[in-house]
Amino acid sequence: MNSKISILLMALLSVTLYGETEVQQRSDSVREAVYEIGKLEEKEVSVVDNFKNMFKNGEISGQLRVAYAGYNHKDSTPDTYATAIGGILKYELAEYKGFNAGIAFYASKDITWLSGSNTHRNTELSSSEGEDEDLSEAYLNYRTGNFNFRAGRQVLNTPLADSDDIRMIQNTFEAYVASYDNDGWQLMAGNIQSWHGIDLENGLDDGWRKIGNNGVNFAGAKYYDMWEFQSWYYNISDSLNAFYVDFGVEYPINDSVTIHTMAQYLNEEELKNSGNSASIYGGLFEVVFGGLGINVSYNHADKKQDKESFSGFGGGTLFTNMDMMILDNISKDREVNAIVSGLGYNHENISLIYAYGDFLGKADSNGDKAHIVEQNFNIEYNVNDEFLVAFIYVLSEDKQNALKTEYDYDRMQFMINYNF
């Protein structure tokens, strides 16, 4: 066995033997910290004693979202902007003898007079047609004790397949997933057949896209209770095999100071000339003083001749992921180092985040280098538990090229989110 993997596995074993103090799990990247707060959380369904009451005691929940997003490009690309309104309407049956089911409609529609037209339209909020409506969740669920099985269209959040709720419509997956939860542990295994969301190559225009010939088979284990650990294996048919692991601790020194430190490793082995292969290492260190957090994260990708890394179906799990920039963007045929430092501050209902990311790609086989810097400025105001207002400003610069490129732009997004 590779010596580096052996060391990681030994460290994982030592990490997972202990866990005493339960604390709130912190985000592991800027991308997670900025966007996870507006997610629609799944509500606990009631348990009924007859079939008829499954419908009578069913629950309606949902989300209303309005967002503006605009790009100011510094190269010859036209500036784009759009404003959209949409959300989620979900109905879930009560549970009878362990069985229940749910459906959810997702929708987003551009507000024409607040959106650009033709080449000035930003299509990431809805689609090139200015709207998207879809039955994004439709599943049958069975639960017994700590075991759960769900089949159909559903929300997933795993390292290489996640909801990535960063715009108007999150990713959802047609999948078959079994999970077992007990005493801080979660075990999960399943098969993903297709997915729908903004992270597809053509965004929501792609509709539901099938993954490979036989989908994605995956299995993972996750533990959290001050010490945290997760390990996952993915077989993406006709594309790659991937192994992911991270581990660390969130340790409260006292009532006002907490230390959060993590390490991660992602190995991807190419199948059938897919072009995806990677070895990526990373670390994160954060100190929290009351409401103030100071953090730094790092990722390194080895060079793979003519190959590039793949962050999965969603936003990816790397510690250096930012609003726009991720390691994948410059990893082809290059060794890449990324470092992100940031400040976060929470006071009552207000959250502030500033992050500075430096992504440096060494020369590829043609001698071309890459150097991208991205800054994120984020403000969130939680009016209450259901109502959120969020603003993010992104400044991206290509430091390698004298002429302006696709990486030279400003991005602004304003979002109002209400969950019910």
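The coordinates are above.
Reference entry: report on the structure contained in this document. Quick caveat, the model's predicted, so the values are computed rather than measured. (Residues numbered from 1 in each chain as written. Predicted model: local features only at pLDDT ≥ 70, side-chain atom pairs only at ≥ 80, totals over all residues. Heavy atoms only, no water.)

**Some points on the layout of surface pockets**
- Taken as a whole, the second largest pocket spans an internal volume of roughly 1,500 Å³.
- Those elements that place two or more of their residues in the lining of the second largest pocket are strand S2 (59-73) and strand S12 (209-210).
- Here the residues of the lining of the second largest pocket sort into 15 nonpolar, 17 polar and 14 charged. (1 Å grid on protein atoms, 1.4 Å probe; cavity = no way out; pocket = protein on both sides within 12 Å on 5 of 7 lines; lining within 4 Å. Points joined across faces, edges and corners; volume = space filled by probe spheres on them. Helix = DSSP H or I, 4+ residues; strand = E, 2+ residues; numbered from the N terminus. Nonpolar A, V, L, I, M, F, W, Y, C, P; charged D, E, K, R; others polar.)

**Focus: the pairing of strand S7 (residues 147-154)**
- Of the pairings in the sheet, the one linking strand S6 (residues 131-144) to S7 comprises seven bridges and is antiparallel in character. Paired with Leu140 across the two strands is Ala151, which belongs to S7.
- Hairpin connection of S6 to S7: two residues between the antiparallel strands, including Gly145 at a positive phi of 60°. (Pairing = 2+ DSSP bridges.)

**Considerations on the packing of aromatic side chains**
- Per the stated rule, a full pass over the model turns up 19 aromatic pairs.
- Centroid distance Phe99 to Tyr142: 4.6 Å. Interplanar angle 45°. Geometry classified as tilted. Linking Phe99 in strand S5 (residues 99-110) with Tyr142 in strand S6, this pair joins segments that are 43 residues apart in sequence.
- Classification of Phe99 by relative accessible area gives partly exposed; the value is 41%.
- Looking at Tyr142, the relative accessible area reads 27%, which means it is partly exposed.
- On the numbers, 6.1 Å between centres and 5° between planes, the contact of Phe173 with Trp195 is stacked. Of this pair, Phe173 sits in strand S10 (residues 172-182) while Trp195 sits in strand S11 (residues 185-196), placing them 22 residues apart in sequence. (Phe/Tyr/Trp six-rings, centres within 6.5 Å; stacked < 30°, edge-to-face > 60°. Buried < 20%, exposed > 50% of the residue type's maximum accessible area, 1.4 Å probe, protein only.)

**Overview of the pattern of salt bridges**
- Enumeration according to the criterion identifies 21 salt bridges in this entry.
- A salt bridge links Arg150 to Glu92, with the shortest nitrogen-to-oxygen separation between them at 4.0 Å. With Arg150 in strand S7 and Glu92 in strand S3 (residues 80-92), this pair connects stretches of sequence that are 58 residues apart.
- According to the relative accessible area criterion, Arg150 is buried, its value standing at 10%.
- Looking at Glu92, the relative accessible area reads 6%, which means it is buried.
- Across the salt bridge formed by Asp134 and Arg153, the nearest N and O atoms sit 3.7 Å from each other. (Salt bridge = Lys/Arg side-chain N within 4 Å of Asp/Glu carboxyl O.)

**Digging into the side chain of Ser115**
- Along the polypeptide, Ser115 turns up in the loop between S5 and S6.
- Taking relative accessible area as the criterion, Ser115 reaches 9% and is therefore assigned buried.
- A polar side-chain atom of Ser115 sits 2.9 Å from the main-chain amide nitrogen of Thr83.
- Among all residues touching Ser115, those that are not within four sequence positions of it are Tyr81, Ala82, Thr83 and Asp110. (Polar contact = N/O pair within 3.5 Å; in protein donor to acceptor, adjacent residues only side chain to side chain. Contact = heavy atoms within 4.5 Å.)

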